[in-house]
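# Architecture and fold: a report
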Amino acid sequence: MIASSILVTGGAGYIGSHTVIELLNQDYSVVVIDNLTNSSYEAIRRIEKITNKKVIFYDVDILDKKAMLEVFKRHPIWAVIHFAGLKAVGESTKIPLDYYHNNITGTILLLQAMKESNVKNIVFSSSATVYGDPKTIPIPETSPTGATNPYGRTKHFIENIIRDLCTAEGDWNAALLRYFNPAGAHPSGILGENPLGVPNNLMPFLSQVAIGKRDKLAIFGNDYPTKDGTCIRDYIHVVDLAKGHLAALRKLKEDIGCVEYNLGTGKGSTVLEMVAAFSKAVGRDLPYVILGRRAGDVTNLTANPAKAEKELNWKAEISLDDTCASLWNWQSKNPNGLEDCPGSAPAEC
Ligand code: NAD
Ligand code: WQD
């Protein structure tokens, strides 16, 4: 049996589900595992609707090594794209042990299961948060790394664990993908980010203001050293980001060892610019208030994406306006996210 399938951990989540679509569209054979702690099986149904393909899905926790070994035994896995993890920065400061256990122990067990199954290619979801408060903007991959909260530290530790493994065993290949700020939704309008509870992140919160679920956006600080005083981030469309994973998979075939790549657009936008861009997509002004700074926020996280462009032959292509339009298309058609199933009985949707 030639190992050719891709195992996607966390494939029911926001970035994972969009990546599974791109993989299926490129005729990869895909196996998804997810414990659905921060997602819904409805995402898998919608992937199937969009691609017109069946998704092989297992409700498996990455803390369950035995169950993962079983999946590796059943399918000819060639590489793993590892999205599974907890990702809320604020929550991670309250329950750090849960974050370290889920993200770090879970990843170690996954790597052990891979090794025992002779699967040694991995693409890992890292984050721009590993750059802390960077000195150089746009940020190159060579910037010093570290992290300022437990969530960020899980990413920083896992990067190091994978790097150490590649150093110790020369037959591993890893792409550590440092995402900037993913935003937007699938152009079909039936799949997008599905935050459970009050969104922590800017764009999901703003889109819930637009549909009337939240009164107004609270902007965390306008006294940063930027043109309008609000923080700058690099917002990348989730479909562009998803495509970056396919580019990384292709690169693994070149026996790269362990390599880091920024996945961002290279263009920074302030919070106020994002409010303006999203208001334009919605067609009306959205209410906001300015509050004080949020603990842990840094002034500017903008990628230097040149390495990914050169080595992965990948570049973000979707404009900020189209990113905002896709988010509004998804949010306005699915005001309750994936819980909604308009026009059909729950069992069918
Ligand atoms: P998400 O929460 O939508 O997806 C993560 C998925 O992993 C969820 O479906 C969840 O149910 C699953 N999961 C969590 N713990 C698991 C476990 N123990 N076993 C099996 N499944 C588990 O998040 P996302 O935004 O799609 O992020 C995907 C990855 O990218 C995460 O690792 C995240 O830390 C990283 N990342 C996200 C962002 C962002 O802003 N969204 C930025 C940088 C990095
Ligand atoms: C963006 C800007 C806020 C919400 C986080 C994680 C990072 C990565 C992406 C997972 C900031 C401001 C936000 C709000 C606001 N996640 N804001 N009002 O903080 O850049 O990154 O998500 O890996 O690790 O730290 O994203 O969307 O939370 O904030 O004013 O209600 O919007 O202060 O300037 P962030 P974000």
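Residues numbered from 1 in each chain as written. Chains lettered and ligands numbered in written order. Predicted model: local features only at pLDDT ≥ 70, side-chain atom pairs only at ≥ 80, totals over all residues. Heavy atoms only, no water.

Convention followed: UniProt positions are given in the numbering used here, feature names are shortened, and annotations may be inferred rather than shown by experiment.
The name recorded for the chain in an unreviewed UniProt entry is UDP-glucose 4-epimerase, from Phycomyces blakesleeanus. As stated in UniProt under Catalytic activity (unreviewed entry), the record for the chain gives "UDP-alpha-D-glucose = UDP-alpha-D-galactose".

## Description of the site of ligand 1
For the record, the criterion: Note on terminology: near, applied to a residue and a molecule or strand, indicates that one of the residue's heavy atoms is within 4 Å of it. Side-chain atoms alone can form a polar contact between residues adjacent in sequence; in general such a contact is a pair of N or O atoms within 3.5 Å, and within protein one must be able to donate a hydrogen while the other accepts it. In these tables, accessible area is a Shrake-Rupley quantity obtained with a 1.4 Å probe, and a residue counts as shielded only by the protein chains included in the view. Numbering of helices and strands runs from the N terminus, with a helix taken as a DSSP run of H or I at least four residues long and a strand as a DSSP run of E at least two residues long.
Near ligand 1, the surroundings consist of 26 residues, among which Asp-34, Asn-38, Ser-39, Phe-83 and Tyr-151 are the closest. Note that an oxygen atom of ligand 1 is positioned 2.6 Å from one of the side-chain N or O atoms of Asp-34. A distance of 2.8 Å is found between a nitrogen atom of ligand 1 and a side-chain nitrogen or oxygen belonging to Asn-102. Against a free-state accessible area of 820 Å², the protein chains account for coverage of 95% of ligand 1. Counting only elements with at least two residues in the shell around ligand 1, the list comes to α1 (14–25), β5 (121–127) and α6 (150–168).

## Focus: the pattern of salt bridges
Condition: Any Lys or Arg side-chain nitrogen found within 4 Å of a carboxyl oxygen on Asp or Glu counts as a salt bridge. Each residue gets one of three labels from its accessible area relative to the maximum for its type: buried under 20%, exposed over 50%, partly exposed in between, using a 1.4 Å probe on protein chains only.
Per the counting criterion, the structure on display carries 18 salt bridges. Here Glu-169 makes a salt bridge to Lys-115, at a shortest N to O gap of 2.6 Å. Within this pair, whereas Glu-169 is found in the loop between α6 and β6 (173–179), its partner Lys-115 is found in helix α5 (residues 96–116), the two being separated by 54 residues in sequence. Of the residues examined, Lys-115 reaches a relative accessible area of 41% and is grouped as partly exposed.

## Some points on the packing of aromatic side chains
Filter applied, for reference: Any two of the Phe, Tyr and Trp rings considered here, Trp counted by its six-membered ring, make a pair once their centres fall within 6.5 Å; the pair's planes then place it as stacked at under 30 degrees, edge-to-face at over 60, or tilted in between. Two conditions define a charge sitting above a ring: the NZ of Lys or the CZ of Arg must be within 6 Å of the ring centre, and it must be within 35 degrees of the ring normal.
In the structure shown here, the tally under the stated rule is four aromatic pairs. Taken together, a centroid distance of 6.1 Å and an interplanar angle of 85° make the contact between Phe-278 and Trp-328 edge-to-face. Taken as a pair, Phe-278 in helix α9 (residues 271–282) and Trp-328 in helix α11 (residues 320–333) lie far apart in primary sequence, 50 residues in all. Under the relative-accessibility criterion, Phe-278 is labelled buried at 0%. Positioned above the aromatic ring of Trp-78, the side-chain terminus of Lys-253 is 4.7 Å from the ring centre.

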